[in-house]
Amino acid sequence: MSDFVDLFAKRNRGWPWPERSFGLTPMYGEDGWCHACGVPSRQQQGSLILQQRGLTVSGAWMPNWRFDTLCMARDVAEEVSSRFDIETREVKWARSSPGDAVQIVIPSTTEKWFEGEALAANAIGLHGKAGAVCGTCGIWRWMPLWWGKLPPLVDTSILGGYDIVASPEWFGAGWKAFRQVLVRRELAEALATASPRDFAVKEVSELTAGVAGAGQQQSDVPRRSVSVPAGAVSEVFGAELLTASAVQGAPSPDARRAAEHARAMLQRSNGQASADALAEVARTMFDGGEIAEALSLWQQAEAHGSVAAHRALRSIGYGESDR
Ligand SMILES: [Zn+2]
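What you see as residue numbers is a count from 1 along each chain, following the sequence as written. Totals for whole chains, interfaces and linings use all residues, but because this is a predicted model, local features are given only for residues with pLDDT of at least 70 and pairs of side-chain atoms are given and counted only at 80 or more.

Draft legend 1. Structural view of the overall build of the protein. A run of H or I in DSSP counts as a helix once it spans at least four residues, and a run of E counts as a strand once it spans at least two, with each numbered from the N terminus. Looking only at helices and strands, the protein has 10 helices and 13 strands in total. The buried share of the protein, taken over its 323 residues, is 42%. For the purpose of contact definition, each residue receives a C-beta atom placed from its backbone, and two residues are in contact when these atoms lie within 7 Å. Within the protein, residue pairs in contact and separated by at least 24 positions form 67% of the contacts whose partners lie at least 6 positions apart. With C-beta atoms placed from the backbone, a residue is labelled by how many other C-beta atoms lie within 10 Å of its own: buried for 20 or more, exposed for 12 or fewer, partly exposed between the two.

Next comes the structure, spelled out in C-alpha cells:
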C-alpha cells in the first residue's frame, strides 16, 4: 500500500472571486498568471477570495475552478495543521464572511512526475492529442488526465518530504489549468473524515504500477452522461465539456451519421468540399461525442480556410501553436 493517495473530490463548493479572473488575480497578482491559459507564473502571494453564495463553511472542500486548491474550516485546519506539515493561507470573502476558513497552499516538486512519452500516449488515447503550448506564456499543458488515466510515476521517492504535493506538470485545455495532486494517506483520511460528502480516499494505481504483478491500470472514472447543445461550447467550459464527452462512451447516432456524411463529402469532392460545410458537420460530430473525428475534421476545415473551424478549435483549447 502506498503512503500517498488521491483525495478525490466528489463535488466542488464555493466560487472564486472575481469571476473575471477565476479568482486568480487576488492569489497571484494581475500580472502573475497567464490571461490566455490561466497558468500562474509565480508562487501564490495573496489569498483565495471566495463568494459566500451557496457555501457553508464546514469540513473541507475543493472550490470551483481552482482544482488544485483545498479549503478547510478553521476547526479542521487547526487539527490537521497540528499533525501535518502543510502551508495554509487565510481564505478571504468577497463580501461578508460566512465563517473562518483557510486554504492549503500545495507545493510542487521540481522533479518531473511522468515520462513525457507515456503522458502523450495516454492523452492521445483519450483526447486524440497530447496537449498544447500556450501561445502567450509558452507553458505546455497536457490534455486533461486524472488518476487512473496517468502513466506510472517515474520516481516515488521525490514525494518523500511532503504531506501534500502537486506535480510540476500542468494539465488542461481552454481555460482549465491544473496539476496532479497526491496526499499522504493519513492527511487524506483526516480530510475525508471531516467532509465525507466532499472527498473520498482513492488508491493511486500509478504509484504501484511499476511493482511486479500490479498489472494493467483500471480506470475508476465514472461514465457521465452529458448532452451538449449545439453552440454551447464556450471558451470557459469547453475543456470540461471535452473531458465529459471523452468519458461519455459511445457517440450518438447523429454524430456517427455526421461522421459518415463527412467522409462521403470528402471522398466525393477529393478534398474540395466547402471548408465551412465541413466545420458544421464537425460540430454535429463533436456535440454527439465523436470527439477525435470532429477535431480532425475541424483541423482539415481550418487548413482550408474555414473561420468557423478555427473558432471552434480555439474555443476548446485547440488550434494554438502546437501544430
Ligand atoms: Zn499561457
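Draft legend 2. Geometry of helix α3 (residues 116-127). Multiply 1.5 Å by the residue count of a helix minus one, and that product is the helix's expected span. Compared with the 16 Å implied by 1.5 Å per residue over 12 residues, the 16 Å span of α3 between its first and last C-alpha is a close match. Buried residues of α3: L119, A123, L126 and H127, and no others. Angular distribution of buried residues about the axis of α3 spans 75 degrees; they occupy a single face of the element. The outward face of α3, more than 90 degrees from its buried face, is lined by the exposed residues E117 and G125. Two residues or fewer after α3 comes G128, characterised by a positive phi angle close to 85 degrees. Throughout, the arc means that of the directions going from the helix axis to the C-beta atoms.

Draft legend 3. Looking closely at unusual backbone geometry. Put simply, W17 and P18 share a cis peptide bond, and its omega is -5 degrees. A positive phi angle is found at F22, which is not glycine, with a value near 55 degrees. As for its position among the elements, F22 is in the loop between β2 (15-16) and α1 (24-28). Phi at W65 is positive, roughly 70 degrees, even though this residue is not glycine. With respect to the helices, strands and loops of the structure, W65 is situated in the loop between β4 (60-61) and β5 (70-73).

Draft legend 4. A look at helix α4 (residues 185-194). When α4 is considered as a whole, its buried residues turn out to be L187, A188, A190, L191, A192 and A194. Lining the buried residues of α4 we find β1 (4-9), β4, α2 (74-83), β11 (164-171), β12 (178-184) and β13 (199-202).

Draft legend 5. The arrangement of the sheet that holds β2 in detail. Paired strands, as defined in this entry, are two strands with at least two bridges between them according to DSSP. If you trace the three strands from one edge of the open sheet to the other, you get β2-β3-β7, paired in mixed fashion. Looking along the sheet, the strands with just one partner apiece sit at the ends: β2 and β7 (92-93). Sheet analysis places strand β3 (residues 49-51) next to β7, joined by two bridges and oriented parallel. Across the sheet, the residue bridging to I49 is K92, located in β7.

Draft legend 6. Structural view of the sheet that holds β5. A sheet is described by the order of its strands in space; here four strands give the open sequence β4-β5-β8-β6, paired in antiparallel fashion. Of all strands in the sheet, those with a lone pairing partner are β4 and β6 (87-90), marking the two edges. Relative to β5, β4 is paired through two bridges, and the arrangement is antiparallel. Residue pairing for β5: A60 is matched across the bridge by M72. Fitting a line to C-alpha atoms yields each axis, with helices limited to the stretch in contact; the angle taken between N-to-C directions then spans 0 to 180 degrees. Each of β4, β5, β6 and β8 (101-105) touches α2; the most contacted strand, β5, lies at about 105 degrees to it.

Draft legend 7. Just the environment of P152, in detail. With respect to the helices, strands and loops of the structure, P152 is situated in the loop between β10 (140-142) and β11. For P152, a count of 20 C-beta atoms within 10 Å gives the class buried. Residues P152 and V204, spaced 52 residues apart in sequence, show a C-alpha to C-alpha distance of 9.4 Å.

Draft legend 8. Quick look at the nonpolar core. Counting 66 residues, the largest nonpolar core has A60, M72, V80, I164, V183 and L191 as the members making the most contacts within it. For L191, the residues in contact, after removing those within four places along its chain, are L7, A60, V80 and F199. Listed in part, the 19 residues of the second largest apolar core include A259, V281, A294 and A301. What we call a nonpolar core is a set of buried Ala, Val, Leu, Ile, Met, Phe, Trp, Tyr and Cys residues whose membership is set by joining through C-beta atoms within 7 Å.

Draft legend 9. Layout of the pairing of β12. Counting buried positions along β12 gives six out of seven residues, so the element sits mostly inside the fold. Bridge analysis of β1 against β12 gives two bridges, and the strand direction is antiparallel. Among the inter-strand pairings, F4 is bridged to a residue of β12, identified as R184. As defined by bridge partners, β11 adjoins β12 across five bridges and the pair is classed as antiparallel. Bridging across to β12, F171 finds its partner in F178. In this antiparallel pair of consecutive strands, β11 and β12, the connection spans six residues, and G172 shows a positive phi of 135 degrees.

Draft legend 10. Structural view of the packing of α2 against α4. Contact pair α2 / α4: the axes reach a minimum separation of 11 Å and the direction vectors enclose 160 degrees. By the angle class used here, α2 and α4 are roughly antiparallel. Helix-helix and strand crossings are classified by hand; for α2 and α4 the assignment is right-handed. For the pair α2 and α4, contact is made by V76, E79 and V80 and by L187, A190, L191 and A194, respectively. Residues are grouped as follows: Ala, Val, Leu, Ile, Met, Phe, Trp, Tyr, Cys and Pro are nonpolar; Asp, Glu, Lys and Arg are charged; every other residue, Gly included, is polar. Split by residue class, the contact of α2 with α4 holds six nonpolar, no polar and one charged. Each angle receives one of four descriptions, namely roughly parallel if under 35 degrees, roughly antiparallel if over 145, roughly perpendicular if within 65 to 115, and oblique otherwise. Handedness of a crossing is defined here by the sense of rotation of the near helix relative to the far one, left-handed for an anticlockwise turn of less than a right angle and right-handed for a clockwise turn.

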